Amino acid sequence: MTDLKRKAQAALFRYLVVSSLLLLLGFIGIVLVAMVTYLDAPTFFSAVVSEEVLFAVKLTAVTTTITTTLAVLLGIPAGYALSRYKMPFQELVDTIIDLPIVLPPLVGGIALLIFFQTPIGVWIEQHIMPFVFTTQGIILAQFVSCGTFAVRGLKAAFDGVDPRMEQVARTLGCTEPQAFFRVVLPLARNGLVAGTVMTWARAAGEFGPILMFCGATRFKTEVMSIAVFLNMSVGKVEMAISVTLLLVIMGTLALFAFRRLGGRGYLW
Amino acid sequence: MRALPFALFVVLIAAVIALSGCPKPSPDAANTPPVGPNNAPTPKADISGELLIYVPCGVAGPYGAIKDLFEQRYPNVTVKQDVANIDVHTEKIADGKGAPDVFISLGDREVQRIAKADRIDGEPVTFAYNSIAMMVANNNPCGIESLEDLKKPEVKTIAVPSNQNSSGFYAEQAFKKAGVWDAIQDKLWRTDEPSQVKVQLSSGKADVGIVYYPCTRETREVGGKPQEMKGKVQLLGKIPTDLSGPIPAQAAVIKGCKNPEAGKAFLDMMMEDEVQDIWEKWAFDRAKQPASGERVTLYLYCGAGIRPFMDKAIEAFCAKNKGVRIDVGYAGSGCLLGQLTFAKRGDLYMPGEEFYMDQARKRGFIDGETELVGYFEPILLVQKGNPKNIQKLEDVVKPGIRLGVGEPDAAAIGLVAESILTKAGLLEQAQKNIVMRAGNVPELGYLVKLKSLDVSIVWRMTAKEIEADTDIVPIPETLSPPIAIPIGVLKFSEHKDVATRFVDWIAGPEGQKLAEESWMLPAND
């Protein structure tokens, strides 16, 4: 192969790779721009400061944060266990953990509804707190898929850490927990941040299970995705698009912030 | 390095605490405590005998329902009634010719007259507030819009009960306050028999008449259902109570009657929530709001297409019924059916079509009868200014028209669109123009607004919300019978009384008025 040919091939390869990326960026860009051009600034700002949207933003912020926190607190040990330990029925465990992702979102909500008809569900609602058609139910509805997302994302982060590092730490005198906290966790940091980000993003965009399990009730279960739906149902297209745009902006900021913090190691 | 896990923990906890300053999900939001103290007194077992009640013919309907309640509670009492025009009763009692155990009046003037004759035992009870209304011949030939219009020369005769009668007395107050009293003196036709007002109107001898507002629903049958006015007259509107003043509808036990004890028990019962509900159902205003301890949250499954109407209806209902809160879950009617099937809770179901209600009934979810709230009327929705010049249904099959319809399996509007096109013989031709099959009506509305469709088949109510950005082309009614919208109480409901009160209200005059304002066809047309 001549040198020229080799260079041409490399150029072609780069061209293809970069143009795919540009295509994807362009696609997302066009969709966003189309949405933005439908609105004018006064409409957007008056929508954003309306009582309904403020409620939806607050509720979304609170519920997604709690959901993500719970999912990550559970997901870190669970992901570590999946990544490190050989378990009986490993494949079965993996499959079950992944199931909520393949379930159609509405079904996740129905499954929760059915669960709360069982004796255990009834007991929980009577003795701990009600969940069906309530605000706190949102967290549960988000958790169905977010739990899986967290475990998957966080396991991937631990997979990226060479087990030898831990073994070396152990030979240098660390106990198993010490090796985990002092070696694995810092090394997996970027991956863990990425996993957390994905979990949060998923929670913020969740709609189907909330519609089914909590109902689309104004000023009660009206997270931002439900606010979009409710506003569409009365033909308030501008309002719905404003909320969507706000969700995009919040998402962009949050994703960006998480990445920066993760990259610089400010998060932990 | 040792501090790392601890720091992580602190950050997460801090985040939760920081955010918990925002509105916290309240644990008892959905599960409010059951209805407050039951205000029904324990029945006195020793009441028996016969109870005779004088009932004005205008309230035979509500009286029947109250009588049923009374007989249930006091099975040893035989209730009898004398139903007649109120002026007849008043005179009989005042003259000492009749002594019923209870006298029910539609206002306070009659009771005052009897009190003057010293025939009342104890204190009269104001059990509800009444109001008056204007009635005209069908189609309002004189074009009357307000009390002011009564001065118009076209209005020659105004039939008003005499001021012996509460309706006449309070009508005078309203005329005086509206400043028309002096100007209409020559036009007045007064009568001691209020029932003559309708007769004068329908025979064309009067142009306007004053009646009690609840008369517009009256039935002459004890235990009958609320009626709609038929015949040659129509209701023009309620005279605002800030003009006439609220009219206390009173009842009293009559001196010298045979069974004052049963009479007093009957008056006591008039103030109970259940009886107050009955008066409200028959277009009276409550004398007593539901007990303040009552805090009820109802859950309503409501078709998403009905939301424009339902939001307003709930606001109006809850403003009147303090302590009642209604949470609505909006989604497609079919989706809601699935939801309530699994959740097995909630109080009310209101789908956009009878079909879904039938499903719910077949599965045994509906308690008792359902009521009609109104009708959806299908129309063609086009872009503002009708750029594609769609004037009639046939135009939707013109080449190049982008037509949107509902998915028949998912939404009522889909079934309807299909039947309209089939009846018009256009279904085949329309197929090539159908670019969108939506799962719900609002979607079809905003796609026209966003100019993604040239025309779609939607409800008139859908169009109301996007009135500024779209135009309407009607579909002939021969092709599209209006679609009934039912509401029913769910068998899971723990607050069936309150849920039923909401159903009655929404199917009643006030709900119907809102339905009309939301561009639905009211149920009673």
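This structure is a prediction, so every number in the text was calculated from the model and none was measured.

**Observations regarding the pairing of strand β7 (residues 188-191) of chain B**
Residues and elements named next belong to chain B.
Part 1: Two elements, strand β6 (residues 158-161) and β7, share four bridges in a ladder whose sense is parallel. Counted as the bridge partner of I158 is L188 from β7.
Part 2: One crossover worth recording links β6 to the parallel β7 by way of helix α5 (residues 166-177), and it is right-handed.

**What to know about the nonpolar core**
Part 1: Ranked by size, the top nonpolar core spans 125 residues in total, and within it L300(B), F309(B), M310(B), I326(B), Y349(B) and F502(B) carry the most contacts.
Part 2: Among residues more than four places away in sequence, those in contact with F502(B) are L300(B), M310(B), I314(B), F317(B), I326(B), L348(B) and I487(B).

**Topic: empty space enclosed by the protein**
Residues and elements named next belong to chain B.
Part 1: Taken as a whole and assessed by the stated rule, the structure comprises five cavities of 30 Å³ or more.
Part 2: Size it by volume and the largest cavity reaches roughly 170 Å³.
Part 3: Lining the largest cavity are 19 residues, and of these G305, S333, A411, A412 and V441 sit closest to its centre.
Part 4: Contributions of two or more residues to the lining of the largest cavity are made by α13 (412-423) and α15 (441-449).
Part 5: Classifying every residue of the lining of the largest cavity gives twelve nonpolar, seven polar and no charged.

**Notes on the environment of L187(A)**
All names here are of chain A.
Part 1: Locating L187 in the fold gives a position in helix α9 (residues 176-205).
Part 2: For L187, a relative accessible area of 48% gives the class partly exposed.
Part 3: Spatially, the C-alpha atom of L187 lies 8.7 Å from that of G160, the residues being 27 residues apart in sequence.
Part 4: Setting aside residues no more than four positions away along its own chain, L187 makes contact with V161 and M165.

**Overview of the sheet that holds strand β12 (residues 296-303) of chain B**
For sheets, the rule is that strands pair by backbone hydrogen bonds, running either parallel or antiparallel.
Residue and element names in this part refer to chain B.
Part 1: Strand order in the open sheet made by the six strands is β13-β12-β14-β21-β15-β22, with mixed pairing throughout. Each end of this open sheet is capped by a strand with a single partner; those strands are β13 (324-331) and β22 (521-522).
Part 2: Direction of pairing for strand β15 (residues 366-376) relative to β22: antiparallel, over a ladder of two bridges. Across the sheet, residue Y375 finds its bridge partner in β22, namely L521.
Part 3: Packing against the sheet, helix α12 (residues 354-362) makes contact with β14 (348-350), β15 and β21 (483-490), and its axis sits at approximately 175° to β15.

**Points about the packing of aromatic side chains**
Part 1: One pass over the full model with this rule turns up 26 aromatic pairs over all chains.
Part 2: Between the aromatic rings of F355(B) and Y356(B), the centroid separation amounts to 5.1 Å while the plane-to-plane angle is 80°, which identifies the pairing as edge-to-face.
Part 3: A relative accessible area of 41% places F355(B) in the partly exposed class.
Part 4: Ring pairing ties together the aromatic residues Y80(A), Y85(A), F158(A), F180(A) and F181(A), which thus form one cluster.

**So, the confidence of the model for chain A**
All names here are of chain A.
Part 1: Summary statistics for chain A give a mean pLDDT of 87 and a share of 96% for residues scoring 70 or more.
Part 2: When the elements of chain A are averaged for pLDDT, helix α12 (residues 237-264) gives the smallest value, 77, and helix α3 (residues 51-84) the largest, 93.
Part 3: Under a pLDDT of 50 for its full length, residues 263-268 has, in the predicted model, 13 contacts with residues more than four places off or in other chains.

**Describing a negative patch on the surface**
Part 1: Where like charges cluster on the molecular surface, the negative patch consists of E91(B), D95(B), D192(B) and E193(B).
Part 2: Positionally, D192(B) belongs in the loop between β7 and α6 (196-202).

**Observations concerning unusual backbone geometry**
Residues and elements named next belong to chain B.
Part 1: You will see that N140, though not glycine, has its phi angle at about 50°, which is positive.
Part 2: In this fold, N140 is placed in the loop between β5 (132-137) and β6.
Part 3: Judged by its relative accessible area of 13%, N140 is buried.
Part 4: In this structure, A283 takes a positive phi of about 75° despite not being glycine.
Part 5: By secondary structure assignment, the location of A283 is in the loop between α9 (273-281) and β11 (285-286).
Part 6: On the accessibility criterion, A283 (9% relative accessible area) is buried.

**Quick notes on the environment of T196(A)**
All names here are of chain A.
Part 1: Looking at the element boundaries, T196 is found in helix α9.
Part 2: Looking at T196, the relative accessible area reads 12%, which means it is buried.
Part 3: C-alpha of T196 to C-alpha of I76: the two residues are 120 residues apart in sequence and 9.9 Å apart in space.
Part 4: In contact with T196, not counting residues within four places along its chain, are T68, V72 and L154.

**Here's the deal with the pattern of salt bridges**
Part 1: Tallying each qualifying case throughout the model produces 36 salt bridges over all chains.
Part 2: In this structure, the salt-bridge partner of E172(B) is R190(B), at a minimum N-O distance of 3.0 Å. Here the residue E172(B) occupies a position in helix α5, and R190(B) occupies one in strand β7, the gap between them amounting to 18 residues.
Part 3: The exposure class of R190(B) is partly exposed, given its relative accessible area of 30%.
Part 4: The partner of R361(B) in a salt bridge is D358(B), and the shortest N-O contact between them spans 2.9 Å. Linking R361(B) with D358(B), this pair stays in helix α12, spanning three residues, or about one helical turn.
Part 5: Among the residues examined, R361(B) registers a relative accessible area of 35% and is labelled partly exposed.
Part 6: On the accessibility criterion, D358(B) (31% relative accessible area) is partly exposed.
Part 7: Within this structure, E52(A), R218(A), R307(B) and D311(B) form a network of salt bridges that share partners.

Scoring rules and cut-offs
Residues numbered from 1 in each chain as written. Chains lettered and ligands numbered in written order. Predicted model: local features only at pLDDT ≥ 70, side-chain atom pairs only at ≥ 80, totals over all residues. Heavy atoms only, no water. Pairing = 2+ DSSP bridges. Helix = DSSP H or I, 4+ residues; strand = E, 2+ residues; numbered from the N terminus. Right-handed = clockwise from strand over helix to strand, strands pointing away. Core = buried A, V, L, I, M, F, W, Y, C linked by side-chain atoms within 4.5 Å. Buried < 20%, exposed > 50% of the residue type's maximum accessible area, 1.4 Å probe, protein only. Contact = heavy atoms within 4.5 Å. 1 Å grid on protein atoms, 1.4 Å probe; cavity = no way out; pocket = protein on both sides within 12 Å on 5 of 7 lines; lining within 4 Å. Points joined across faces, edges and corners; volume = space filled by probe spheres on them. Nonpolar A, V, L, I, M, F, W, Y, C, P; charged D, E, K, R; others polar. Axes fitted to C-alpha atoms, helices over the stretch in contact; angles between N-to-C directions. Phe/Tyr/Trp six-rings, centres within 6.5 Å; stacked < 30°, edge-to-face > 60°. pLDDT = per-residue confidence, 0-100. Patch = residues over 30% accessible without salt bridge, like charges linked within 9 Å, V, L, I, M, F, W, Y side chains within 5 Å. Areas by Shrake-Rupley, 256 points an atom, 1.4 Å probe, with all protein chains shown as cover. Salt bridge = Lys/Arg side-chain N within 4 Å of Asp/Glu carboxyl O. Lys, Arg positive; Asp, Glu negative; His and termini not counted. Charge placed at Lys NZ, Arg CZ, Asp CG, Glu CD.

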